[in-house]
Amino acid sequence: MNKVYICLLGGCLLLSTGCDVQSQAQLGNILKQFPSTANPSTTEIALGIKQALELGTAAGADKLAAKDGFLGNMAIRIAFPEEAQKVEKTLRTLGLGSLADNVVTSLNRAAEDAAKEAKPIFTAAIKQMTLTDATNILLGNSDAATNYFKRVTTAQLMEKFKPVVANSLNKVGATKYWTDAATKYNTLPLVKSVNPDLSEYVAQKALEGMFIQIAQEELQIRNNINARSTTLLQKVFGYADRNK
């Protein structure tokens, strides 16, 4: 006996008979385009948030760890330390812009190296997330996930970043470039010698840049429906959309 399936989608009435397998398959494909309006369980919320954050933090870390991840992103590009910006200005005035450029490039390369260490720390933070954490993130402000990561990963990230940055500064020549720049500047008459702690400075800037990138990834998953690449993400964030 044939069965008749009736579904209202966008004001259109669709009929499919039980004996028409192809029509049923087409109907199923159409239905997939419409997210479920059923509320997710607390377990689904936790799984959905963790899935979203795993995707977002991995994407963010990979972008920053790539060549020019910091240098090519003006929102997080690392400049001379504030107390040394007069050094950069003076060098450029004296026609030594290439030396200043070498310093800036090497600082950003060190931050890109440090970003490679972030992913496992974020992964560990996601695994320890509670049901309450997940629900608060889902229904919280647009930066709720970023603030969660700031709270639980900042100390670990800084601890991990510092030695990587220190090694990288030597590897990419930043220490030499800075020594050359500072030496040149400090020989000028009537200037105050400068010698900032580059490792501490770059590690801090790398951390700030990482959280800026994570915040962008969080906004993407919250605001861009197309970024919800799985049925679970569609269900969980669709629920969040309805409860804004």
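Each remark here, short or long, concerns the structure printed above.
Residue numbering note: each chain is counted from 1, following its sequence as written. Two thresholds apply to this predicted model, a pLDDT of at least 70 for residue-level local features and 80 or more for giving and counting side-chain atom pairs, whereas whole-chain, interface and lining totals are computed over all residues. In computing side-chain values, all of the structure's heavy atoms are included and hydrogens and water are not.

A.B. asks: Explain the overall build of the protein chain to me, please; I cannot follow it from the model alone.
C.D. replies: In this description a helix means any DSSP run of H or I spanning at least four residues, a strand means any run of E spanning at least two, and both kinds are numbered starting from the N terminus. From N to C terminus, the protein chain includes ten helices and two strands. The burial tally for the protein chain puts 41% of its 244 residues in the buried class. Sequence separation of at least 24 residues holds for 74% of the intrachain contacts in the protein chain that already meet a minimum separation of 6. Only protein chains enter the calculation, and the probe is 1.4 Å; a residue is then buried if its accessible area is under 20% of its type maximum, exposed if over 50%, and partly exposed in between. A contact between two residues is defined here by any heavy atoms of the two lying within 4.5 Å.

A.B. asks: For this particular structure, what's the right way to read the side chain of Asn 108?
C.D. replies: As for its position among the elements, Asn 108 is in helix 4 (residues 97-115). In protein, a polar contact requires one atom able to donate a hydrogen and another able to accept it; more generally it is a pair of N or O atoms within 3.5 Å, and residues adjacent in sequence count only if both atoms are side-chain atoms. There is a polar contact of 2.8 Å between the side chain of Asn 108 and the backbone oxygen of Val 104. When near neighbours in sequence (up to four residues on either side) are disregarded, Asn 108 contacts Phe 70, Leu 71, Arg 77 and Ile 78.

A.B. asks: How should I be thinking about the packing of helix 2 (residues 42-65) against helix 6 (residues 131-139) in this particular structure?
C.D. replies: A packed helix pair is summarised by two numbers, namely the angle formed by the two axes and the spacing between the axes. Direction vectors running N to C along helix 2 and helix 6 enclose 70°, while the axes themselves pass 9 Å from each other. Taken together, the axes of helix 2 and helix 6 are roughly perpendicular relative to one another. Mapping the contact onto sequence places Thr 42, Thr 43, Ile 45, Ala 46, Ile 49 and Leu 53 in helix 2 and Leu 131, Ala 134, Thr 135, Ile 137 and Leu 138 in helix 6. Partitioning the contact of helix 2 with helix 6 into residue classes produces eight nonpolar, three polar and no charged. Axis lines are fitted through C-alpha atoms, for helices just across the contact stretch, and the angle between N-to-C directions can take any value from 0 to 180 degrees. We call two directions roughly parallel when the angle between them is under 35 degrees, roughly antiparallel when it is over 145, roughly perpendicular when it lies between 65 and 115, and oblique otherwise. When residue character is reported, Ala, Val, Leu, Ile, Met, Phe, Trp, Tyr, Cys and Pro are called nonpolar, Asp, Glu, Lys and Arg charged, and the others, Gly included, polar.

A.B. asks: Is there a simple way to think about helix 4 in this case?
C.D. replies: Residue pairs spaced three or four apart in an α-helix point in one direction, given the helix's 3.6 residues per turn. Residue count minus one, scaled by 1.5 Å, sets the expected span of a helix. Compared with the 27 Å implied by 1.5 Å per residue over 19 residues, the 27 Å span of helix 4 between its first and last C-alpha is a close match. Counting buried residues along helix 4, 15 of its 19 residues qualify, which places the element largely inside the surrounding structure.

A.B. asks: Help me out: how do you make sense of empty space enclosed by the protein in this one?
C.D. replies: Once rolled over the atoms, a probe with the size of a water molecule shows which space is left empty. With a 1 Å grid spanning the protein atoms alone, the term cavity applies to any set of points in which a 1.4 Å probe fits but cannot get out, the term pocket to an open set with protein on both sides within 12 Å along at least five of seven lines, and the term lining residue to any residue with an atom within 4 Å of a point. Grid points are joined across faces, edges and corners, and a volume is the space filled by probe spheres set on the points. Enumeration according to the criterion identifies one cavity of 30 Å³ or more in this entry. When its volume is computed, the largest cavity comes out at roughly 110 Å³. Residue lining of the largest cavity: 14 residues in total, with Ala 52, Leu 53, Ala 145, Glu 218 and Ile 221 positioned closest to the centre. Looking at the lining of the largest cavity, the elements that each hand over two or more residues are helix 2, helix 7 (144-171) and helix 9 (198-223).

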